[in-house]
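# Chains, contacts and geometry: an overview
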Amino acid sequence: MSQKKLWSGRFTEPTHPLVEAFNASIGFDIRLYAHDIKGSVAHARMLGRQGIIPKREADAIVKGLLRVEAEIRDGAVIPTAAHEDVHMFVEGRLTENLGPVAGKLHTGRSRNDQVATAFRLWTRDAVDRIAGSLRRVQGVMADRAAEHLDTLAPSYTHLQPAQPIRLAHWFLAYYDMFGRDAARLADARKRVNVMPLGSAALAGTNFPIDRAGVAKELGFAAITTNSLDAVSDRDFAAEFLFCLALVGTHLSRLAEELILFTTAEFAVMELPDAFCTGSSIMPQKKNPDVPELFRGKSGRLYGALMSMLTTLKGLPLAYNKDLQEDKEPVFDAARQVETMLELAADMMAVVKVDTGKLAARAEKGYMTAVDVADR
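The rules behind these values
Residues numbered from 1 in each chain as written. Predicted model: local features only at pLDDT ≥ 70, side-chain atom pairs only at ≥ 80, totals over all residues. Heavy atoms only, no water. Helix = DSSP H or I, 4+ residues; strand = E, 2+ residues; numbered from the N terminus. Rg over C-alpha atoms; globule rule 2.2 N^0.38 Å. Contact = heavy atoms within 4.5 Å. Lys, Arg positive; Asp, Glu negative; His and termini not counted. Charge placed at Lys NZ, Arg CZ, Asp CG, Glu CD. Phe/Tyr/Trp six-rings, centres within 6.5 Å; stacked < 30°, edge-to-face > 60°. Lys NZ or Arg CZ within 6 Å of the ring centre and 35° of its normal. Pairing = 2+ DSSP bridges. Expected span 1.5 Å × (residues − 1). Buried < 20%, exposed > 50% of the residue type's maximum accessible area, 1.4 Å probe, protein only. Core = buried A, V, L, I, M, F, W, Y, C linked by side-chain atoms within 4.5 Å. Salt bridge = Lys/Arg side-chain N within 4 Å of Asp/Glu carboxyl O. Arc of directions from axis to C-beta. Axes fitted to C-alpha atoms, helices over the stretch in contact; angles between N-to-C directions. Parallel < 35°, antiparallel > 145°, perpendicular 65-115°, else oblique. Left-handed = near helix turned anticlockwise from the far one by under 90°.

Secondary structure summary: the protein contains 14 helices and six strands in total. Taken over C-alpha atoms, the radius of gyration comes to 26 Å for the protein, far larger than the 21 Å a tight globule of 375 residues would show. Based on the C-alpha atoms only, the size of the protein along its principal axes is roughly 80 × 50 × 40 Å. Once local pairs closer than 6 in sequence are excluded, the contacts in the protein between residues at least 24 apart make up 80%. On the protein, the mean spot of the 46 positive side-chain charges and the mean spot of the 47 negative ones are 4 Å from each other.

What follows is the structure, encoded as structure tokens:
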């Protein structure tokens, strides 16, 4: 595959090897390849439909893009740092397969709006996956609540005995937390689902493109209205990370209570062995590693949010290379949260409850004092 940069026209010296490695994002943004190609296919079809390029050439480009997608998916082509990013990698491979006609794909757009579009498409899919995982956790909490409608349990404020409750009430507290998370993501999705393609580098394009048609094909609900803002806007990514940070907060709170309730001192719940590990020196121990990792990874999620906000806080309009730092925290945070939610659903479905101990504890510590006073 050709190592020549698509932007190399006015350059007479090769890129310094260390700069090449430092500048490259292909190592992580390769996961955008399907979304990048999806955007490019819609753009190429529009170019042909509008008569900006001949329809036969647009059809050839679309066919070529789908071939590149299959090559990447099947591992037939492997990117290197010299390819810089996934967008140049795809277009470079397309050029090798099709020849000069592939260059017409870039008509009426820039890498700036291309990157922003692919990133929004990826984020939209991630929002939908995580929302589905949240609904699964809610379903488990609802099932466990139904199972324990008549299980008496102590409740606490300040970690001191407070009032007796049904254990169902405890499960449904987390049901509501994760419900707010799902609602927040649904609201954030509205701002993710806006298409920047057509903004080009920063000032739009003189070609008679059909942005509305491309948006419809890609499933966007709206198009951006200011090209300067569109190519540099990463508010949607920051908001997504905020939503994930709150999911992490709720998982961490659940984890803390599971850790407490499974200790020898509380001993009212037990985690199955599948969600625990042992000690290298104390064979009698069963450690709640999964909840502890939930608690620990919340800090990682907060760090991702702070990384994004710090990257954005001093950027002038429009696109700046700083924005290359926008994807890694989003990719990592989404992966962590998806895994945590899947584990939470599986774990909470099988966590064991000692109903006898819970009922006995509910009778201690003057927990009915409020009821006596009210009567």
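Structure's up, so let's keep going.
All right, on to the packing of aromatic side chains then. Counted under the stated rule, the structure contains eight aromatic pairs. When the ring of Tyr-156 is compared with that of Phe-266, the centres are 6.1 Å apart and the planes differ by 70 degrees; the resulting orientation is edge-to-face. In this pair, Tyr-156 is assigned in strand β1 (residues 152-157) and Phe-266 in the loop between α10 (235-261) and β5 (269-270), connecting sequence segments 110 residues apart. What links up through ring pairs into an aromatic cluster is the set Tyr-156, Trp-170, Phe-171, Tyr-174, Phe-261 and Phe-266. The ring of Phe-220 is capped by Arg-124, whose NZ or CZ atom sits 5.2 Å from the centre of that ring.

This next bit is on the pairing of strand β2 (residues 160-166). As judged from the five bridges shared by β1 and β2, these two strands associate in the antiparallel manner. Note on β2: the bridge partner recorded for Thr-157 is Gln-160. Taking the residues between adjacent antiparallel strands as the criterion, β1 and β2 are bridged by two residues, where His-158 takes a positive phi near 60 degrees.

Within the secondary structure, Ala-345 is located in helix α12 (residues 327-350). In this structure the C-alpha to C-alpha distance between Ala-345 and Val-140, which are 205 residues apart in sequence, comes to 6.2 Å. In this structure Ala-345 touches Arg-136, Val-137 and Val-140, once residues within four positions along its chain are discounted.

Another point: helix α11 (residues 289-312). Along its 24 residues, α11 runs 35 Å from first to last C-alpha, staying within 8% of the 34 Å computed at 1.5 Å per residue. The complete set of buried residues in α11 reads Val-290, Pro-291, Phe-294, Ser-298, Leu-301, Ala-304, Leu-305, Met-308, Thr-311 and Leu-312. Those residues of α11 that are buried are in contact with α10 and α12.

Generally speaking, soluble globular proteins have nonpolar side chains that are buried together. Ile-130, Trp-170, Phe-240 and Met-348 are the most contacted members of the largest nonpolar core, which has 96 residues in total. For this core, the leading source of residues is α10, giving 14 residues. Among residues more than four places away in sequence, those in contact with Phe-240 are Trp-122, Thr-123, Ala-126, Val-127, Ile-130, Leu-185, Val-330 and Ala-334.

Turning next to unusual backbone geometry. Of all residues except glycine, most have a negative phi; of all peptide bonds, most are trans. Here the residue pair Leu-317 and Ala-318 is connected by a cis peptide bond, since its omega of 0 degrees sits within 30 degrees of zero. You can see Ala-318 is positioned in the loop between α11 and α12. Located in the positive-phi region is His-158, a residue other than glycine, with phi close to 60 degrees. Classification of His-158 by relative accessible area gives exposed; the value is 76%.

Right, let's get into the pattern of salt bridges. Tallied over the full model, the rule gives 29 salt bridges. In this structure, the salt-bridge partner of Glu-338 is Arg-129, at a minimum N-O distance of 3.1 Å. Linking Glu-338 in helix α12 with Arg-129 in helix α6 (residues 111-147), this pair joins segments that are 209 residues apart in sequence. As a salt-bridge pair, Arg-136 and Asp-346 come within 2.4 Å of each other at their nearest N and O atoms. Of this pair, Arg-136 sits in helix α6 while Asp-346 is found in helix α12, placing the two residues 210 residues apart along the sequence. The exposure class of Arg-136 is partly exposed, given its relative accessible area of 34%. When salt bridges that share partners are traced, they join Arg-67, Glu-71, Arg-93 and Glu-96 into one network.

We now examine helix α8 (residues 211-218). Of the positions making up α8, those classed as buried are Arg-211, Val-214, Ala-215 and Leu-218. The buried side chains of α8 occupy one side of the element, clustering within an arc of 100 degrees when seen end-on. Facing away from the buried surface of α8 by more than 90 degrees, the exposed residues are Ala-212 and Lys-216. As for α8, its buried residues are in contact with α3 (33-49), α6, β3 (194-195) and β4 (222-223). Gly-219 occupies a position one or two residues after α8 and carries a positive phi of about 80 degrees.

Here we come to the packing of α3 against helix α5 (residues 86-98). Put simply, α3 and α5 touch, their axes get as near as 10 Å, and they point 60 degrees apart. When the interaxial angle is binned, α3 and α5 end up oblique. When the axes of α3 and α5 are compared, the crossing they make is right-handed. Of α5, the residues touching α3 (which contributes Tyr-33, Asp-36 and Ile-37) are Val-86, His-87 and Val-90.

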